[in-house]
Amino acid sequence: MEKHTILYLQDKDLHELGVDDMAATIRDVEMTFSLAAGEDSLTPFKVAMEWPVEKYGSQNRINAMPAYLGGEVNMAGVKWIGSNPDNVNHGLPRASALTILNDPVTKLPVCIMDGTSISAMRTGAAGGVAVKYLSKPDSKVLLVFGAGVQSRTQLEAACCVRPSLTECYVYDPFTEKAEAFAREMSEKLGVSVTAVTDPKPVCQKADVVITATVASEPILHSDWVSPGCTYVHIGGNECTYGTILKADKIVFDVWRDVLHRQGSTAAVMGAKGLLPDSRIYADIGDIISGKKPGRESDKEYIYFNAVGMGAEDIAVGTRLYRKALEKGVGMVLPYWG
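Novice: Describe the overall build of the protein, and please don't skip the residues or the numbers.
Specialist: Assigned secondary structure in the protein consists of 12 helices and 16 strands. The C-alpha atoms of the protein give a radius of gyration of 20 Å, which matches the 20 Å a tight globule of 337 residues would have. In terms of overall dimensions, the protein has C-alpha extents of about 65 × 45 × 45 Å along its principal axes. Taking all contacts inside the protein whose residues are at least 6 apart in sequence as the whole, residues at least 24 apart take part in 70%. Within the protein, one finds 34 positive and 41 negative side-chain charges whose respective centroids are separated by 1 Å.

Below, the structure is given as structure tokens:
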């Protein structure tokens, strides 16, 4: 019987292979959205295992996110990601992930890789794809709420698809974090990033607004967003109901997944009957594939929310896995035989 091995890729291997390439990750995620909107994919619901907030004091969870993508990806797998906000107080990342790839024919595992950097990059890229298709082509002003890892990749992705963004701002209740973020990202991206202590005035003039926080109460209000704005909602309950209902177009990565997960303001509204399907304009895959137009006017206020799909991690992970095979990177582990 033929022997079978699994390739193991550590985070350092993935950085050697280019996991930090945002432009490539955006292409992966854009392709994922397009495939997910067609018939050549399997994207089951995310399975969330959550510890009670009342007992543990924070949003502790481990999620399993399986998927299969056809097309040029042609790979199956699963993302297994744990999250504990208290980790940062102990020098540990809030989120940690593994991505497992399986041959779609034999179903045998072929690669196990650290999924933490992949997860951060692909979530930023999802926001970048939304900015690409939903924001004004000449967008200049961006405001991001939150100064964590995810805000960094969101800002990087937005600037990648919209080089016209020349005024970027960051708000975080911890001013020192916001100022450190501004210094770091200004140098990394070569654009002006400024920390603000009052987000409202900047928000009202922003072309792109991104919330990527762990806030449990609304931090964005309907009178803070203006006509022409694109709001990319990445976190949980970060905005008021009115902020969503005010939108001319309401777009999701996958609305059925958002509704199932019940992790964001929009999902809660859907469950309460306050956001009927008739108000949903499109899943972004339908816009990418040309089934529906994206932005049609500079005056449109467009809302986008993403719950995240394991398929995105499979697409990015597959690109890196195949590159590792070409370059001989990683550790080969015996599996059976």
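Novice: So what's going on with the pairing of strand 9 (residues 167-171)? Which residues, and what values?
Specialist: Looking at chain direction, strand 8 (residues 141-145) and strand 9 are connected through five bridges and run parallel. Across the sheet, Leu142 pairs through a bridge with Cys168, a residue of strand 9. Each parallel crossover has a hand, and the one from strand 8 via helix 5 (residues 149-161) to strand 9 is right-handed. Pairing analysis gives five bridges linking strand 9 to strand 10 (residues 192-196), with the strands arranged parallel. In the sheet register, Val170 faces strand 10, and the bridge partner there is Ala195. Assessed by its sense of winding, the connection that carries the chain from strand 9 through helix 6 (residues 175-189) to strand 10 is right-handed.

Novice: Please set out the pattern of salt bridges residue by residue, giving values where relevant.
Specialist: Tallied over the entire structure, the rule returns 16 salt bridges. We note a salt bridge from Glu50 to Arg261, for which the minimum N-O separation is 3.2 Å. Taken together, the residues span a long stretch of sequence, with Glu50 in strand 3 (residues 47-50) and Arg261 in helix 9 (residues 255-261) at a distance of 211 residues. Relative accessible area serves as the criterion here: at 15%, Arg261 is assigned to the buried category. Here Glu156 makes a salt bridge to Lys188, at a shortest N to O gap of 3.4 Å. One end of the pair, Glu156, is in helix 5; the other, Lys188, is in helix 6, and 32 residues separate them in sequence. In this structure Lys188 comes out as exposed when scored by relative accessible area, which is 52%. Overlapping salt bridges bring together Lys79, Arg122, Glu312 and Asp313 as one network.

Reading the values: rules and limits
- Residues numbered from 1 in each chain as written.
- Predicted model: local features only at pLDDT ≥ 70, side-chain atom pairs only at ≥ 80, totals over all residues.
- Heavy atoms only, no water.
- Helix = DSSP H or I, 4+ residues; strand = E, 2+ residues; numbered from the N terminus.
- Rg over C-alpha atoms; globule rule 2.2 N^0.38 Å.
- Contact = heavy atoms within 4.5 Å.
- Lys, Arg positive; Asp, Glu negative; His and termini not counted.
- Charge placed at Lys NZ, Arg CZ, Asp CG, Glu CD.
- Pairing = 2+ DSSP bridges.
- Right-handed = clockwise from strand over helix to strand, strands pointing away.
- Salt bridge = Lys/Arg side-chain N within 4 Å of Asp/Glu carboxyl O.
- Buried < 20%, exposed > 50% of the residue type's maximum accessible area, 1.4 Å probe, protein only.

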